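The residues making up each chain are set out below.
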Amino acid sequence: YLSDHEDRLKGQVDVRGARAIVDNVEKENALDIMTADRTFHIVAESPEDASDWFRALSAVHTATQQELEEMQLELANPKNAVGTIDVGLIDSACASDNPDRPNSFLIITANRAIHCTAD
């Protein structure tokens, strides 16, 4: 996104095609996704979030196609829900215009943009 108030994706990063995902030691709670063309710098709000992001991105980066499919099935299971969103915190919701993600939408809050995909 161009800003926290933007509801349209600026682009996406091919994590699977990245050369490396590394801890950025120059900035607190940061990591880098290094591709052939550029390096994307990502900063989390906490060390725990940074660690979780690193673990998740690394898992996707190194996963086989079968492992990716298993991850998607696991995430799609309501029993594995991480939490809930208080509807009072939602600023907006909109359909995603990403052709690679049909049946997807975004939930925008003051702090996050959450990309959701439905079956």
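Let me begin by describing the structure that accompanies this report. This is a predicted model, so every value here is computed, not measured. (Residues numbered from 1 in each chain as written. Predicted model: local features only at pLDDT ≥ 70, side-chain atom pairs only at ≥ 80, totals over all residues. Heavy atoms only, no water.)

### A word on a negative patch on the surface
Note the following rule: Residues enter patches when their relative accessible area tops 30% and they take part in no salt bridge; the joining distance is 9 Å for like charges and 5 Å for the nonpolar side chains Val, Leu, Ile, Met, Phe, Trp and Tyr. Computed with the Shrake-Rupley method and a 1.4 Å probe, the accessible areas treat only the protein chains shown as cover for residues. Salt bridges are defined as contacts in which a side-chain nitrogen from Lys or Arg sits within 4 Å of a carboxyl oxygen from Asp or Glu. Under this rule, positive means Lys or Arg and negative means Asp or Glu; His and the chain ends count for nothing. In plain terms, the charge of a residue is placed at NZ if it is Lys, CZ if Arg, CG if Asp and CD if Glu. Working definition: helices are DSSP H or I runs of at least four residues, strands are E runs of at least two. Numbering for both runs from the N terminus. Burial classes: relative accessible area under 20% of the type maximum marks a residue as buried, over 50% as exposed, and values in between as partly exposed (1.4 Å probe, protein chains only).
Taken together, Glu 67, Glu 69, Glu 70 and Glu 74 make up a surface patch of like negative charges. With respect to the helices and strands, Glu 69 occurs in helix H2 (residues 65-76). Overall, Glu 69 belongs to the partly exposed group, its relative accessible area being 42%.

### Focus: the sheet that holds strand S5 (residues 104-109)
Quick reminder of the rule: A pair of strands is considered paired only if DSSP assigns at least 2 bridges between the two. Axes here refer to lines fitted to C-alpha atoms; in helices the fit is confined to the stretch in contact. Angles between the N-to-C directions go from 0 to 180 degrees.
Spatial strand order, S4-S5-S6: three strands in an open sheet with antiparallel pairing. Strands with a single pairing partner mark the edges of an open sheet, and in this sheet they are strand S4 (90-95) and strand S6 (113-117). Within this sheet the neighbouring strands show an average axis-to-axis angle of 20°, counted without direction. As paired elements, S4 and S5 share five bridges and run antiparallel to each other.

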